[in-house]
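Letter by letter, the chains look like this.
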Amino acid sequence: MTLNLTAAIDLKYLLYICDMIGVGVFAITGGLMAARKGMDIFGFMVLGIVTAIGGGTTRDLILGLPVFWIEDPNYLLVATIAGGAMFFLGHVFSSLTRTLLWLDAAGMALFAVAGAGWAIAKDAPLSIVLFMGVVTACGGGMIRDVLAREVPLVFQREIYAIAALAGAATYGLLVFYTNFGAWAMTAGGAVAFIIRGLAIHFDLSLPVYQTKDMRK
Amino acid sequence: MTLNLTAAIDLKYLLYICDMIGVGVFAITGGLMAARKGMDIFGFMVLGIVTAIGGGTTRDLILGLPVFWIEDPNYLLVATIAGGAMFFLGHVFSSLTRTLLWLDAAGMALFAVAGAGWAIAKDAPLSIVLFMGVVTACGGGMIRDVLAREVPLVFQREIYAIAALAGAATYGLLVFYTNFGAWAMTAGGAVAFIIRGLAIHFDLSLPVYQTKDMRK
Amino acid sequence: MTLNLTAAIDLKYLLYICDMIGVGVFAITGGLMAARKGMDIFGFMVLGIVTAIGGGTTRDLILGLPVFWIEDPNYLLVATIAGGAMFFLGHVFSSLTRTLLWLDAAGMALFAVAGAGWAIAKDAPLSIVLFMGVVTACGGGMIRDVLAREVPLVFQREIYAIAALAGAATYGLLVFYTNFGAWAMTAGGAVAFIIRGLAIHFDLSLPVYQTKDMRK
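Along each chain, numbering runs from 1 in the same order as the chain's sequence is written. Naming scheme: in the order in which they are written, chains are lettered from A and ligands are numbered from 1. Under the rules for a predicted model, residues below a pLDDT of 70 receive no local features and side-chain atom pairs below 80 are neither given nor counted, while totals for whole chains, interfaces and linings still include all residues. Side-chain measures here rest on the full set of heavy atoms in the structure, leaving out hydrogens and waters.

Draft legend 1. Geometry of the overall build of chain A. When its secondary structure is counted, chain A shows eight helices and zero strands. Secondary structure elements of chain A, listed N to C terminal, follow the sequence α-α-α-α-α-α-α-α. By principal-axis analysis of the C-alpha atoms, chain A measures approximately 50 × 50 × 35 Å. Considering chain A as a whole, with its 216 residues, one finds that 53% of them fall into the buried category. Summed over all atoms, the accessible surface of chain A reaches about 9800 Å², with 69% contributed by carbon and sulfur. Of the side-chain charges in chain A, 13 are positive and 13 negative, and the distance between the mean point of each set is 12 Å. Here a strand is any run of E in DSSP of at least two residues, a helix any run of H or I of at least four, and the numbering for each starts at the N terminus. When accessible area is computed with a 1.4 Å probe and restricted to protein chains, residues below 20% of their type maximum are described as buried, those above 50% as exposed, and intermediate ones as partly exposed. Working definition of accessibility: Shrake-Rupley area with a 1.4 Å probe, residue cover restricted to the visible protein chains. Counted as positive: Lys and Arg. Counted as negative: Asp and Glu. His and the chain ends are not counted at all. Charged groups are reduced to one reference atom each: NZ for lysine, CZ for arginine, CG for aspartic acid, CD for glutamic acid.

Draft legend 2. The side chain of Thr29 of chain B, seen in detail. Looking at where Thr29 of chain B falls in the secondary structure, it is placed in helix H1 (residues 8–36). Reaching out from Thr29 of chain B, the side chain makes a polar contact with the side chain of Arg144 of chain B at a distance of 3.0 Å. Pairs of N or O atoms are called polar contacts if they sit within 3.5 Å, as long as, within protein, a hydrogen donor faces a hydrogen acceptor (for residues adjacent in sequence, only side-chain-to-side-chain pairs).

Draft legend 3. Representation of the packing of helix H2 (residues 41–63) of chain A against helix H4 (residues 97–121) of chain A. All names here are of chain A. Here the axes come from fitting lines to C-alpha atoms, over the contacting stretch only for helices, and the angles between their N-to-C directions go from 0 to 180 degrees. Interhelical geometry of H2 versus H4 gives an angle of 10 degrees and a closest axis separation of 11 Å. With respect to H4, the axis of H2 lies roughly parallel. Between H2 and H4, the residues in contact are Ala52, Arg59 and Leu63 and Phe111, Ala114, Gly115, Trp118 and Ala119, respectively. Among the residues making up the contact of H2 with H4, the classes are represented as six nonpolar, one polar and one charged. Note on terminology: angles under 35 degrees are roughly parallel, angles over 145 are roughly antiparallel, angles of 65 to 115 are roughly perpendicular, and the others are oblique. Here, residues are in contact when the closest pair of their heavy atoms is within 4.5 Å. Gly is placed with the polar residues, together with every amino acid not listed as nonpolar (Ala, Val, Leu, Ile, Met, Phe, Trp, Tyr, Cys and Pro) or charged (Asp, Glu, Lys and Arg).

Draft legend 4. Spotlight on the relation of the copies chain A and chain C. You can overlay chain A on chain C at an RMSD of 0.0 Å; the transform is a turn of 120 degrees with a shift of 0.0 Å along its axis. Overall, the copies show the geometry of a three-fold rotation axis. In this assembly the copies use different faces: only 11% of the residues contributing to the interface of chain A also contribute to that of chain C. When the copies are superposed, the least-squares fit draws on C-alpha atoms of residues that have pLDDT of at least 70 in both.

Draft legend 5. Up close: the packing of aromatic side chains. Think of it this way: a Phe, Tyr or Trp ring, Trp meaning its six-membered ring, pairs with another when their centres are within 6.5 Å, and the plane angle makes it stacked under 30 degrees, edge-to-face over 60, tilted otherwise. Taken as a whole and judged by the stated rule, the model has 30 aromatic pairs over all chains. Measuring from centroid to centroid gives 6.4 Å for Phe176 of chain A and Tyr177 of chain A, while their planes differ by 45 degrees, and the two rings are tilted. Given a relative accessible area of 38%, Phe176 of chain A falls into the partly exposed group. Here Phe26 of chain B and Phe111 of chain B contribute two aromatic rings whose centre-to-centre distance is 4.8 Å and whose plane-to-plane angle is 50 degrees, an arrangement assigned as tilted. A residue pair is termed long-range when its members are at least 10 positions apart, and Phe26 of chain B in helix H1 and Phe111 of chain B in helix H5 (residues 97–121) qualify at 85 residues. Phe111 of chain B gets classed as buried once you look at its relative accessible area, which sits at 6%.

Draft legend 6. Spatial organisation of the UniProt feature "transmembrane region" (unreviewed entry) in chain A. UniProt records the feature "transmembrane region" (unreviewed entry) at residues 13–35, 42–69, 75–93, 100–120, 126–147, 159–177 and 183–206 of chain A, using the numbering of this structure. Taken end to end, residues 42–69 of chain A is 79% helix and 0% strand, and its first and last C-alpha atoms sit 20 Å apart. UniProt positions are given in the numbering used here, feature names are shortened, and annotations may be inferred rather than shown by experiment.

Draft legend 7. Molecular detail of empty space enclosed by the protein. Detection works on a 1 Å grid of protein atoms alone, calling trapped sets that fit a 1.4 Å probe cavities and calling open sets with protein on both sides within 12 Å along at least five of seven lines pockets, with lining residues defined by an atom within 4 Å of a point. Grid points are joined across faces, edges and corners, and a volume is the space filled by probe spheres set on the points. Overall, the coordinates contain one cavity of 30 Å³ or more when judged by the stated rule. Estimates place the volume of the largest cavity at around 50 Å³. As for the largest cavity, its lining consists of Val146, Arg149 and Glu150 of chain A, Val146 and Arg149 of chain B together with Asp145, Val146, Arg149 and Glu150 of chain C. Partitioned by chemical class, the residues of the lining of the largest cavity number three nonpolar, no polar and six charged.

Draft legend 8. Broad picture of the interface of chain A and chain C. Contact residues are listed per partner, giving 27 residues for chain A and 27 residues for chain C. The term buried area denotes the loss of accessible surface (1.4 Å probe radius) that occurs when two parts are joined, taken as the sum for both partners. A combined buried area of about 2300 Å² lies between chain A and chain C, and 76% of that area is made up of carbon and sulfur atoms. Area buried by chain A at its contact with chain C is led by Ile62, Phe155 and Tyr209 of chain A, which between them contribute 32% of it. Within this document, salt bridges are pairs made up of a side-chain nitrogen of Lys or Arg and a carboxyl oxygen of Asp or Glu, the two lying within 4 Å of each other. For the pair chain A and chain C, the interface holds zero salt bridges. Sorting the residues of the side of chain A that touches chain C by element identifies H2 and helix H5 (126–147) of chain A as the ones contributing at least two each. At seven residues, H5 of chain A tops the list of elements feeding residues into the side of chain A that touches chain C. Taken together, the residues that form the side of chain A that touches chain C break down as 19 nonpolar, three polar and five charged.

Draft legend 9. Molecular detail of the UniProt feature "domain: Glycine transporter" (unreviewed entry) in chain A. As recorded in UniProt, the feature "domain: Glycine transporter" (unreviewed entry) lies at residues 17–89 and 101–173 of chain A. Along residues 17–89 of chain A the backbone is 81% helical and 0% strand, and the end-to-end C-alpha distance reaches 23 Å.

Draft legend 10. Molecular detail of the nonpolar core. Grouped together as the largest cluster of nonpolar side chains are 198 residues, with contacts concentrated most on Trp69 and Phe155 of chain A, Trp69 and Phe155 of chain B together with Trp69 and Phe155 of chain C. Residues in contact with Trp69 of chain A, not counting those within four places in the same chain, are Ile53, Thr57, Tyr75 and Leu76 of chain A together with Ile62, Ile128, Phe131 and Met132 of chain B. Here, the term nonpolar core denotes a set of buried Ala, Val, Leu, Ile, Met, Phe, Trp, Tyr and Cys residues that are joined through side-chain atoms within 4.5 Å.

Draft legend 11. Local environment of the packing of H2 of chain A against helix H3 (residues 74–93) of chain A. Residues and elements named next belong to chain A. With their axes 7 Å apart at the nearest point, H2 and H3 run at an angle of 135 degrees to one another. With respect to H3, the element H2 is oriented oblique. In terms of crossing hand, the pair formed by H2 and H3 is right-handed. The residues of H3 that touch H2, namely those facing Ile41, Phe44, Met45, Gly48, Ile49, Ala52 and Ile53, are Leu76, Ala79, Thr80, Gly83, Gly84, Met86, Phe87 and Phe88. A breakdown of the residues in the contact of H2 with H3 according to their chemical character gives eleven nonpolar, four polar and no charged. With the far helix as reference, a near helix turned anticlockwise by less than a right angle produces a left-handed crossing, and one turned clockwise produces a right-handed crossing.

Draft legend 12. Focus on the pattern of salt bridges. Counting across every chain of the model gives twelve salt bridges over all chains. When the shortest N-O distance is used, the salt bridge between Asp145 of chain A and Arg144 of chain A registers 2.9 Å. Put simply, Lys37 of chain B and Glu150 of chain B hold a salt bridge, and the shortest N to O gap is 2.7 Å. Taken together, the residues span a long stretch of sequence, with Lys37 of chain B in the loop between H1 and helix H2 (41–63) and Glu150 of chain B in the loop between helix H6 (126–147) and helix H7 (161–177) at a distance of 113 residues. Take Lys37 of chain B: its relative accessible area is 26%, and that puts it in the partly exposed class. In this structure, a network of salt bridges that share partners links the residues Arg36, Lys37 and Glu150 of chain A.

Draft legend 13. Representation of the confidence of the model for chain A in the model. On average, residues of chain A score 85 in pLDDT, and 91% of them reach the 70 mark or higher. This stretch, residues 1–7 of chain A, has a pLDDT under 50; its non-local contacts, to residues over four places away or in other chains, come to seven contacts. Confidence of the predictor at the level of single residues is given by pLDDT, which spans 0 to 100.

Draft legend 14. Fine view of the environment of Ala109 of chain A. Residues and elements named next belong to chain A. With respect to the helices, strands and loops of the structure, Ala109 is situated in helix H4. Taking the C-alpha atoms as reference points, Ala109 and Ala190, separated by 81 residues in sequence, lie 7.2 Å from one another. Excluding anything up to four places from it in sequence, Ala109 contacts Gly189, Ala192 and Phe193.

Draft legend 15. Summary view of the interface of chain B and chain A. Residue-level contacts link 27 residues of chain B with 27 residues of chain A. Buried surface at the junction of chain B and chain A, summed over both partners, amounts to about 2300 Å²; 76% is from carbon and sulfur atoms. Looking at the side of chain B facing chain A, the largest losses of area belong to Ile62, Phe155 and Tyr209 of chain B, adding up to 33% of the total buried there. Summed over the shared surface of chain B and chain A, the number is zero salt bridges.

Draft legend 16. Inspection of a nonpolar patch on the surface at higher detail. All names here are of chain A. Exposure above 30% relative accessible area and the absence of a salt bridge qualify a residue for a patch, where like charges join within 9 Å and nonpolar side chains (Val, Leu, Ile, Met, Phe, Trp, Tyr) within 5 Å. Together, Trp102, Phe193, Ile194, Leu198, Phe202 and Leu204 line one region of the surface with nonpolar side chains, adding up to about 560 Å² of accessible area. No other element matches helix H7 (residues 181–202), which puts four residues into the nonpolar patch. Position of Phe202 relative to the elements: it lies in helix H7. For Phe202, a relative accessible area of 54% translates into the label exposed.

As C-alpha cells, this is what we get:
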C-alpha cells in the first residue's frame, strides 16, 4: 500500500475507502455470528451494525465528540448491507475464514489508529490515547459478543487487543515525543497489523488464568 | 383513538399520556422478565427502567440531545413503579399476555415515531431517521434481554423491529418528500401498529438462518 | 474517619485518595471475575476498568458531563494495574474475600454519594439524584457481570443497591430540605456503608420472586 502523502485529497479518499472496508469486514463478522446463532435477517443487520460502528461510537460518546456516522449515512448503509447479506451468503463466507481474518486485521489496525487519533486531537493524555485506540478497535466486537451471549473473544487468548494497543502506542509515542507526526499514523497501523498478522500466521495466543483446580 | 389536531394543547397532553402508557407497558415487560429469572425487587425495578427508557436514552446520547427523562422525573417514577409492582403482581399479569402484547405494540409504534421525530428535528439523513426509530422502539427491550442473559428477542423471528422500521420509514418519507408533515407522525405510528398487530393476530414470524446441519 | 472540614484542601486530597481506593477495589473485583472465567490478562484489565469506571461513566454520559477520567489519567491507570495484577495475585486475593467485601462497601458508599452529588450539582430533581447514586455505585458491577455472562449480582438477593439508594436518599433529602448541606455527603456515605455493613456482618439478603413452580 503506497501512500502519496503530498496529495492530501487522494490520501483522504484512500483512508475513506479503507474505513469503509473496515466497516464492511467488521459487519460481516457480525453477520457470521448471527448465522451461528440462527437469527432472523434483522439480527444479522443489527449485529453487523454494532460490530462495525460500536467501537467508534463508544469512543465518540466518551470523548464528547459528535458520533461519526450521524453526518455520513454511508457507514450505516455499508454496515447494514454487509451484515444483512450474510443472511443469504453466510455459507459462502464461512469457507473464507482465513481471508476474513486478514481483512479483519486490516480493519482493526485502521480503527486502532483512528481511535488514537481522535484522542490525540482532543489533547488527551497518553493513557487515554491508548485506551481509545483499543476501544475503537475492539469495542464493536465486544458488543457483538455480548448481544450474541458469548464471552467476548478478546478476553480469551486472542492476540488482538494487544495488537491494537501496540499500534495506538506506536502512534501516540511518535506524536508525543518525536517530530515524525506525519508518518506516525501509518507506522502505528503497520505495527498493529504486523503483530496481529504474526499471531494469525503462527497461531499465537496469550496464556489464560489457571485456577488451582485446573493446575492439578 | 380520535386526535383533535386543532387543539394543540390537548394533543400534546394526549401524546404525553400515550408516552407514559408506553413507558409503563415496557416497564411491565421488564418486570415480567425479572419474575422469570427469580430476581429481587431491585432487579424488577432496574429491568423495568432499562426496558422503558433504554431505547430513548441511547437515541438521545447518539444524537447529542439532553437525555429526555432528566428534566421530567415522571418517566423514571412510572417505570420504577410499573417494574417494581410486578414483584407483587407478576402472577396476575402473566395471565394477561395477550393484552400486554397489544399494549406493547402501541408503545412500540409510539416510540418508533418519537425516535424518528427527534432525528428529523436534528436534520439527520433518512437512514439515520430509520435507525433512530428502530433504536428507540427496540433498544430498551434489547438491553433488558442482555441484562437477563437472553439472546435479544428481536433477533429471533419476531416481527417487531421490522414494524418499527416501517413506521419510521412512513413518517420519514412523508416528511422528506411530501407536504403532509402534520399527519406524517400519525401515519407512521399507525403503520407500525398495524404491521405488529397483524403479526400478533395471525402469529406471523420472520424466517431464521438455517445452518447446513439443520437443513439435513 | 475524622474529616477536618475547615481545611478544604486536605479534605479534597482525602476524598481523592478515597476515590482511588474505590477505583482500585472495584477493579480488583473485576479482575477476580476474570480469574473465575479463565481469561487472559487483557480480560483482567478490561473487566477491572469497566467495573471501576463504568458506573461513573454512565452517570456522566446521561447527565451530559465530560467523562470524569478523561482529564485525569490516574483513574485509568489505577484500574488497569489493579485489574491486571489479579492475573498474578488472584489466588492470594480470593482468600481475602471478607476484607474485599468491606473495602468494596466503602467504595460503593463513596460512589453513591459522588453520583448523587453530580446530579445535585446539575439541579436535577430528587428522583434523578437517587437514580444517579445507584447507577454510579452499581453500574460498573453490572457491566462487569454482563461482560462475564453472569446475571448481574445486584439483581439477586444482595443488599447492595438498596444501600446505595439509602445513602443517596439521605444525602439528597438533607440537601433539598435542610441547611446541613455541608454534612450531607458524609451522612449519606455513612448510611450507605452502615446498611451494607450490616448486610455483610449478619449475612442479610432480599427476598426473590418465587414462581408458582417453586412455591409448590
